[in-house]
Amino acid sequence: MQERNILKKYGESFSEWFEWIIREAEIYDYGRYPVKGMGVWLSYGFKIRRHVVELIRLLLDGTGHEEILLPLLIPETLFRKESEHVRGFEGEVLWITRGGHEELDVRLILRPTSETALSYMESFWVKSYKQLPKKYYQIVSIFRYETKMTKPMIRVREVTTFKEAHTLHEDFSDCERQVVEAIEIYSRFFDRIGIPYIITRRPQWDKFAGALYTIAFDTIFPDGKAIQIGTVHNLGQTFTSVFDVKIQKRDESIDYAWQTSYGISERVIASIIAFHSDERGLILPPIIAPYQVVIIPIPHSDNAIFKMINEYCDKIANILMQAGIRVYIDRREDMKPVDKFFEWELKGVPIRIEIGYKEIQSGIVTVFRRDTMRRKTVGVEELIQELKRCLDEISYGIELRAWSWFKSNIRVINKFHDASKIVKNEGGIAILPWCGNEGCVHKLIESEEGIEVLGEVYKDSLARLKIELISIETECGFCDKKASTFIAIAKRY
């Protein structure tokens, strides 16, 4: 591998480091495709993406969600039916106005999200409470004409890994139950991949267009900025009333159904890269690593011995595969073992096995852990048990490290002006006591360039963070009224 000499210290020049790592680790090619804001998933990155997608599918399928696939194109007539939704997305829409040489009678948009398209179809599909709840999801590309500076995986015009779930319910209480379930699903999902987060209820001025309210998951990147990595929306009857999605209820009355929606994107994969890395490259969580183990045969000058080494590698690989471990043998003859070591460390493979003549003679393998950068020899008989223990330790260790860093960048501060100075200078998230009145927050936030409100912090989220809070018997950080809850602010992507 080239550019070994420009490895960047973790957290320093994060944007440059991030673009370097996704390029050199062969994850995502960004900036060379001739449409701004669109990148290409390379083979290794696509494997990471596939395992992330499989994990969220497993969680959704296990909670009664059904996968569907809606058309990419939405006619303008559908899109414009819900006025608040239109106001929220119209500036980001990509239009199709012509087919071949002919102007279209009805303009089409590339979906920015699918509430309008699905609600229209649900008006045909669902007629009774007996069919509810309905929980649909799809994993697709969406398109938004991002006008700010685009960033790979973080701010793009084609979101290629958009998981959007849409649910339909008989009443408000079941809708609220679904919001809780969605939060639990996302919490389990982020926990499994070791991404720390804070959960907030977005202020009304920052909710999803058309929603009653929005719940968001945010994390912090090494440059100190917060980034939204997941959202859950209670849509109420906003779209069902517009698209006439009526159901017969248990009491035989007719009413509009209730909806939720929730989504994640490739920002999840960007977060994995941002958190689970060091100055040498990635340290992938085993659950989503393309290869959990890579085997490196060590060449020998005697061809007969080298053949034995390769046969031994095959034997070890077969043992691992039978145990359900994803394994790859790197047999490239045009690279020295040390260069292979460097490449697979860069790509974040959790465990490397080195096999040479001495390993064959002793009936052992040399095991290298990417997280600790240490080697040990292990007998073949105990290899599976040892590897599974190591993979569990790696998963736990990188999650612990990520949460520790995340918590160290969250501060509880009494007053907004003090909090804004710290956030501007040091980054991270500041949590303040709050009276619950959005007006007092909005007025101050508008006067502070670069600082944004994440929202009211969920109590469960505060408990997970285990942060020592200021007594709630104090003044609001934004006005002189008594505080009743807590709110988070940060610099944001």
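Not measured: the values here are computed from a predicted model.

Notes on the overall build of the chain
In step 1: Each helix and strand counted, the chain has 15 helices and 25 strands in total.
In step 2: The C-alpha radius of gyration of the chain comes to 26 Å, within 12% of the 23 Å expected for a compact globule of 493 residues.
In step 3: Seen through its principal axes, the chain has C-alpha atoms that stretch 80 × 60 × 50 Å.
In step 4: Of all 493 residues assigned to the chain, the portion counted as buried reaches 56%.
In step 5: Within the chain, contacts between residues at least 6 apart in sequence are counted, and of these 70% link residues at least 24 apart.
In step 6: Carbon and sulfur atoms form 49% of the exposed surface of the chain, whose accessible area is close to 21,900 Å².
In step 7: The average position of the 69 basic charges and that of the 72 acidic charges among the side chains of the chain differ by 2 Å.

Let's talk about the packing of aromatic side chains
Aromatic rings considered in pairs are described by the distance between their centres and by the relative angle of their planes.
In step 1: Evaluated as defined, the whole model comprises 27 aromatic pairs.
In step 2: Seen from their ring centres, F275 and W405 are 5.8 Å apart, and the 80 degrees between their planes marks the pair as edge-to-face. With F275 in helix α8 (residues 267-275) and W405 in helix α12 (residues 383-408), this residue pair connects regions lying 130 residues apart in the sequence.
In step 3: Among the aromatic side chains, those forming a connected cluster through ring pairs are Y186, F189, F190, Y197, F217, Y262, W403 and F406.
In step 4: In this structure, K225 is placed above the aromatic ring of Y493, and the distance from its NZ or CZ to the ring centre is 5.2 Å.
In step 5: When the ring centre of W344 is taken as origin, the NZ or CZ atom of K347, which lies over that ring, is 5.2 Å away.

Details of the packing of helix α2 (residues 43-61) against helix α6 (residues 172-192)
In step 1: Between α2 and α6, the shortest axis-to-axis distance is 10 Å and the interhelical angle comes to 145 degrees. Judged by the twist between their axes, the crossing of α2 over α6 is right-handed. On α6, the residues touching V52, L55, I56, L59 and L60 of α2 are I185, Y186, R188, F189 and R192.

Comments concerning the sheet that holds strand β19 (residues 351-355)
In step 1: Ordered in space as β18-β17-β19-β20-β21, the five strands form an open sheet in which the pairing is mixed. Of all the strands in the sheet, the pair left with one neighbour each is β18 (327-329) and β21 (374-379). Neighbour-to-neighbour, the strand axes of this sheet turn through a mean angle of 25 degrees, independent of strand direction.
In step 2: The sheet contact formed by strand β17 (residues 293-297) and β19 spans five bridges and is parallel.

Quick look at the layout of surface pockets
In step 1: The calculated volume of the largest pocket comes to roughly 1,200 Å³.
In step 2: In this structure, the largest pocket is lined by 42 residues; those nearest its centre are F89, E92, R144, Q228 and R267.
In step 3: When residues of the lining of the largest pocket are traced back to their parent elements, those giving at least two are α4 (83-89), β8 (158-169), β11 (226-236) and β14 (258-264).

A word on the domain arrangement of the chain
In step 1: For the chain, the assigned domains read domain 1 (2-278), domain 2 (293-394) and domain 3 (410-490).
In step 2: Of note, the centres of domain 1 and domain 3, computed from C-alpha atoms alone, are 27 Å apart.
In step 3: Taken together, the 17 residues of domain 1 in the interface contact 19 residues of domain 3.
In step 4: When domain 1 packs against domain 3, the two sides together hide about 1,500 Å² of surface, and 65% of this comes from carbon and sulfur.
In step 5: It is I198, I199 and W205 that lose the most area in domain 1 upon contact with domain 3, and together they represent 37% of the buried surface on that side.
In step 6: Summed over the shared surface of domain 1 and domain 3, the number is one salt bridge.
In step 7: Ionic pairing is found between R464 and D191, a salt bridge with its closest N-O pair at 3.1 Å.

What to know about unusual backbone geometry
In step 1: Put simply, L132 and P133 share a cis peptide bond, and its omega is 0 degrees.
In step 2: Locating P133 in the fold gives a position in the loop between α5 (115-125) and β7 (134-143).
In step 3: Backbone geometry places E26, a non-glycine residue, at a positive phi of 60 degrees.
In step 4: Locating E26 in the fold gives a position in the loop between α1 (14-24) and β1 (28-30).
In step 5: We note that M153 has phi near 70 degrees; this positive angle belongs to a residue other than glycine.
In step 6: By the secondary structure assignment, M153 is in the loop between β7 and β8.
In step 7: Taking relative accessible area as the criterion, M153 reaches 1% and is therefore assigned buried.

Thoughts on α1
In step 1: Every buried residue of α1 is accounted for by F14, W17, F18, W20, I21, I22 and E24.
In step 2: Along its buried surface, α1 packs onto β1, α8, β15 (277-278), β16 (281-282) and α10 (337-346).
In step 3: Where α1 terminates, the next one or two residues include E26, which has phi positive at roughly 60 degrees.

Some details on the pattern of salt bridges
In step 1: Per the stated rule, a full pass over the model turns up 40 salt bridges.
In step 2: Note that E26 is salt-bridged to K347, the shortest N-O span being 2.7 Å. Of this pair, E26 sits in the loop between α1 and β1 while K347 sits in the loop between α10 and β19, and the two are 321 residues apart along the sequence.
In step 3: Its relative accessible area of 5% is what places K347 among the buried residues.
In step 4: What emerges from the salt-bridge pattern is a single network uniting E26, D330, R332, K340, E343 and K347.

Each value, and the rule that gives it
- Residues numbered from 1 in each chain as written.
- Predicted model: local features only at pLDDT ≥ 70, side-chain atom pairs only at ≥ 80, totals over all residues.
- Heavy atoms only, no water.
- Helix = DSSP H or I, 4+ residues; strand = E, 2+ residues; numbered from the N terminus.
- Rg over C-alpha atoms; globule rule 2.2 N^0.38 Å.
- Buried < 20%, exposed > 50% of the residue type's maximum accessible area, 1.4 Å probe, protein only.
- Contact = heavy atoms within 4.5 Å.
- Areas by Shrake-Rupley, 256 points an atom, 1.4 Å probe, with all protein chains shown as cover.
- Lys, Arg positive; Asp, Glu negative; His and termini not counted.
- Charge placed at Lys NZ, Arg CZ, Asp CG, Glu CD.
- Phe/Tyr/Trp six-rings, centres within 6.5 Å; stacked < 30°, edge-to-face > 60°.
- Lys NZ or Arg CZ within 6 Å of the ring centre and 35° of its normal.
- Axes fitted to C-alpha atoms, helices over the stretch in contact; angles between N-to-C directions.
- Left-handed = near helix turned anticlockwise from the far one by under 90°.
- Pairing = 2+ DSSP bridges.
- 1 Å grid on protein atoms, 1.4 Å probe; cavity = no way out; pocket = protein on both sides within 12 Å on 5 of 7 lines; lining within 4 Å.
- Points joined across faces, edges and corners; volume = space filled by probe spheres on them.
- Domains from an automatic or database assignment.
- Buried area = accessible area lost by both parts, 1.4 Å probe.
- Salt bridge = Lys/Arg side-chain N within 4 Å of Asp/Glu carboxyl O.

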